[in-house]
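Structural overview
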Amino acid sequence: MRAFTQHQGIVAPMDRSNVDTDMIIPKQFLKSIKRTGFGPNLFDELRYLDEGKPDQDSSQRPINPDFVLNQDRYRNASVLLARSNFGCGSSREHAPWALDDFGFRVIIAPSFADIFYNNCFKNGLLPIVLPEEVVDQLFCETEENEGYQLTVDLEAKTVTTPSGESFSFEVDDFRRHCLLNGLDDIGVTLEDADLIRDYEEKRRQTAPWLFNSGN
Amino acid sequence: MVGKTLYDKLWDDHLVKQRDDGSALIYIDRQLLHEVTSPQAFEGLRLAGRKPWRIDANIATPDHNVPTTDRDKGIDGIVDPVSRTQVETLDKNCDEFGILEFKIKDQRQGIVHVIGPEQGATLPGMSIVCGDSHTSTHGAFGCLAHGIGTSEVEHVLATQCLVQKKMKNMLVKVNGKLGPGVTGKDVVLAIIGKIGTAGGTGYAIEFGGEAIRGLSMEARMTICNMSIEAGARVGMVAVDDTTIDYVKGRPFAPKGETWDKAVDYWRTLHSDDDAVFDKVVELDGSAIMPQVSWGTSPEMVTGVDGAVPDPAKEEDPIKREGIVRALKYMGLQPNQKITDIQLDRVFIGSCTNSRIEDLREAAAVVKGRKVASSLKQAMVVPGSGLVKAQAEKEGLDKIFIEAGLEWRDPGCSMCLAMNADKLGQGEHCASTSNRNFEGRQGFGGRTHLVSPAMAAAAAVTGHFVDVRELMH
Ligand code: SF4
């Protein structure tokens, strides 16, 4: 997995709460058997005026000029500023894949849905929870200042504004460690293969019905 | 020592290793796989040269993409080439790794969350995962069931473990008895309406109380299914006689002495009397009305006797903005009565409500009636081939067809409209599925979540109506 240590980038404001995974990447694009190529269809139904289809050249489609990512000043954004319960809905990892493919590296919101939050870390994308007031302030500053950038430091667990104001955030030690070092989760777990085997052996004795493969 | 909650017990029984940083390795007894969230996981295994840890823990079936007509043609019946590739890829992966799959033409094929319990592949006390957020369904059996992403699917395939942090405990207690015509779906919609779509985030929810104890397994599955719509990855109901009776005799269920031993263990799967929950929410079951969602989030829901809210009366600016946006998308007016919402289509199906009891409830309402002429379509999509066969044995298919509903083959269908079944732009649909997000059932489509009985009542009247008015 790609490591994440520090990042500085342009902020795009997505000013609505409960942004669900169907909105992030609509289902017709989940038919792909790859992990890449979802960027052009990120927020497809908000971004374009027509109905998107898989395997289509999105650069030829009519765009919705009101949508934030279609505004010139946000086109190269890599930090997404969002509202509460971002990423609610399905478990589709296509949602972080699409955000990543578009170029986002950081998402900041007052709260995230659990599965989405978890999926981000598996893909080198950093979801950051900041208090509602701070998020409000960042929304104001982003909208008022074209080219507004934030600097995120995962080692120090801080988000810093252009004026030098700094906010700290919380993140699990394990997730932080994996992300900082770009570790492969599976490799880390397999270091405990013996423990897993021991557990399994014990369960085979005490709960044999769990190992019945049907008939 | 204080007592343990059901979640605490399940957690402790599956704990392989507690790490110092708060994360833990949890052993997974069963993984269900489907075509949408597994291809990249299998590809990951291949790229890393890894093998599945325990092949017999996995069961697969295609469900999201399969057509609900022309199924005798098998894979060739899938017109969309991209969908076809995905289903073929699942077949190929399962064949390559030797994983049991109920393929498209197998009568046991169906929606993953329907076939697990149906086969007895979902057993009380198991830890279960699937690359699908509605995996919480299996919690109805006193299971620890998590929806996971594709990287985690690969992780479980490779290690039989999931890296998890323990969640907090929430008890949702539904007291009293439900009124006639009020179903598990109405209960869970009322719960989501009360605690909100993020109310359960970070919690494992146990559903309890007299009303839950009185429900069948299928109704309990409906409730646990929608835990994720309240933000909780895990939903559960304690094991009781209803659970054990349901499991008995199913293909994967233990038999003989092992069965007795299993039952002894299963009977311990409930929260201790002195267990402490981090949060308790109580509802009066007898006050729950048949529910209808009016907006674009499952928390935007009200009783059928209610009305669409007026954003002018909402004080919180973010919520107000949300209501305004939802009403615009849904094409509804503030204060409009729910019973005045005219419908274009009706969908009875999905992992929330496509089991035999759901179909019986719907059939009882449409029997001897006709689908309203104002509707473009009303369809019934059973959850599995076996549910379909059972319904046909009971003659439910004839009741539906006679009333003018379409009788389809099993799959996810219009729940997420990945196959050919979808809403047109601006169309209103009474749907027994679980998500009313924008575009969920088709680009510009407008979903209203209801129970199967309420969907059936809507089908024969063309608008929402309190199903109790149609019951004798
Ligand atoms: S029926 Fe709907 S919610 Fe259930 S698994 Fe299929 S797509 Fe997901």
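Residues numbered from 1 in each chain as written. Chains lettered and ligands numbered in written order. Predicted model: local features only at pLDDT ≥ 70, side-chain atom pairs only at ≥ 80, totals over all residues. Heavy atoms only, no water.

Heads up, the condition is: UniProt positions are given in the numbering used here, feature names are shortened, and annotations may be inferred rather than shown by experiment.
As annotated in an unreviewed UniProt entry, chain B carries the name 3-isopropylmalate dehydratase large subunit and comes from Marinobacter pelagius. Among the UniProt annotations of chain B, the heading Sequence similarities (unreviewed entry) holds the following wording: "Belongs to the aconitase/IPM isomerase family. LeuC type 1 subfamily." According to the UniProt record, the Catalytic activity (unreviewed entry) comment for chain B is "(2R,3S)-3-isopropylmalate = (2S)-2-isopropylmalate".

Chain A is annotated in an unreviewed UniProt entry as 3-isopropylmalate dehydratase small subunit from Marinobacter pelagius. Per UniProt, chain A carries the Pathway (unreviewed entry) text "Amino-acid biosynthesis; L-leucine biosynthesis; L-leucine from 3-methyl-2-oxobutanoate: step 2/4." Regarding chain A, the relevant UniProt record gives this comment under Catalytic activity (unreviewed entry): "(2R,3S)-3-isopropylmalate = (2S)-2-isopropylmalate".

1. Quick notes on the packing of aromatic side chains
Residues and elements named next belong to chain A. To keep it simple, the criterion reads: Note on aromatic contacts: the rings of Phe and Tyr and the six-membered ring of Trp form a pair at centre separations within 6.5 Å, being stacked when their planes are under 30 degrees apart, edge-to-face when over 60 apart, and tilted otherwise. Summary of the burial criterion: residues with accessible area below 20% of their type's maximum are buried, those above 50% are exposed, and those between are partly exposed, where the area comes from a 1.4 Å probe applied to protein chains only. Any Lys NZ or Arg CZ found within 6 Å of a ring centre and within 35 degrees of that ring's normal is scored as a charge over the ring.
Applying the stated criterion across every chain yields a total of 16 aromatic pairs over all chains. Relative to Phe104, the ring of Phe102 has its centre 5.2 Å away and its plane inclined at 15 degrees; by these criteria the two rings are stacked. Under the relative-accessibility criterion, Phe104 is labelled buried at 0%. Grouped by ring-pair contacts, the aromatic residues Phe86, Phe112, Phe116, Tyr117 and Phe121 constitute a single cluster. Note that Arg61 overlies the ring of Tyr48, its terminal NZ or CZ placed 3.8 Å from the centroid.

2. Things to note about empty space enclosed by the protein
Rule in force here: In the cavity and pocket records, a cavity denotes points on a 1 Å grid over the protein atoms alone where a 1.4 Å probe fits but cannot get out, a pocket denotes an open set with protein on both sides within 12 Å along at least 5 of 7 lines, and lining residues are residues with an atom within 4 Å of a point. Grid points are joined across faces, edges and corners, and a volume is the space filled by probe spheres set on the points. The nonpolar class holds Ala, Val, Leu, Ile, Met, Phe, Trp, Tyr, Cys and Pro. Asp, Glu, Lys and Arg form the charged class, and all remaining residues, Gly among them, are polar.
Under the definition given, this model contains three cavities of 30 Å³ or more. Within this model, the largest cavity holds a volume of roughly 200 Å³. Here the lining of the largest cavity is composed, by residue class, of seven nonpolar, 11 polar and four charged. Put simply, the second largest cavity is a space of about 110 Å³. Along the wall of the second largest cavity there are 13 residues; nearest its centre are A:Cys88, A:Gly89, A:Ala113, B:Ile228 and B:Gly231. Considered class by class, the residues forming the lining of the second largest cavity number six nonpolar, five polar and two charged.

3. A closer look at the interface of chain B and chain A
Heads up, the condition is: In what follows, residue pairs with any heavy atoms lying within 4.5 Å of each other are defined as contacts. In short, buried area is how much 1.4 Å probe accessible area vanishes from two parts on joining, totalled over both. We count a salt bridge whenever a side-chain nitrogen from Lys or Arg sits within 4 Å of a carboxyl oxygen from Asp or Glu. Throughout this description, a polar contact denotes any pair of N or O atoms lying within 3.5 Å of each other; where both atoms belong to protein, one of them has to be capable of donating a hydrogen while the other can accept it, and for residues adjacent in sequence the pair is counted only when both atoms sit in side chains. Comment: elements are numbered from the N terminus, with helices defined as DSSP H or I runs of at least four residues and strands as E runs of at least two.
Chain B puts 78 residues into the contact, and the matching count from chain A is 67 residues. Between chain B and chain A lies a buried interface of about 6000 Å² when both sides are counted; carbon and sulfur atoms form 56% of it. When residues of chain B are sorted by the area they lose upon contact with chain A, B:Gln40, B:Trp53 and B:Phe443 head the list and together hold 12% of the total. In this structure, the connection of chain B to chain A is made through seven salt bridges. Salt-bridge contacts for B:Lys17 lead to A:Asp192; the nearest nitrogen and oxygen are separated by 3.1 Å. For the pair chain B and chain A, the number of links is 32 residue pairs in polar contact (both at pLDDT 80 or more). With seven residues, the top contributor of residues to the side of chain B that touches chain A is helix α5 (residues 150-159) of chain B. Among the residues forming the side of chain B that touches chain A, the class breakdown is 29 nonpolar, 27 polar and 22 charged.

4. Overview of the sheet that holds strand β17 (residues 406-407) of chain B
Residue and element names in this part refer to chain B. What counts is decided by this rule: DSSP calls a pair of strands paired once it identifies at least 2 bridges connecting them.
The strand order β17-β16-β15-β18-β19 describes an open sheet built from five strands, whose pairing is parallel. In this open sheet, the two strands that pair with only one neighbour each are β17 and β19 (446-449). Here strand β15 (residues 345-348) runs beside strand β18 (residues 428-431); their pairing, made up of three bridges, is parallel. Looking at β18, one finds that Arg345 is bridged to Cys429.

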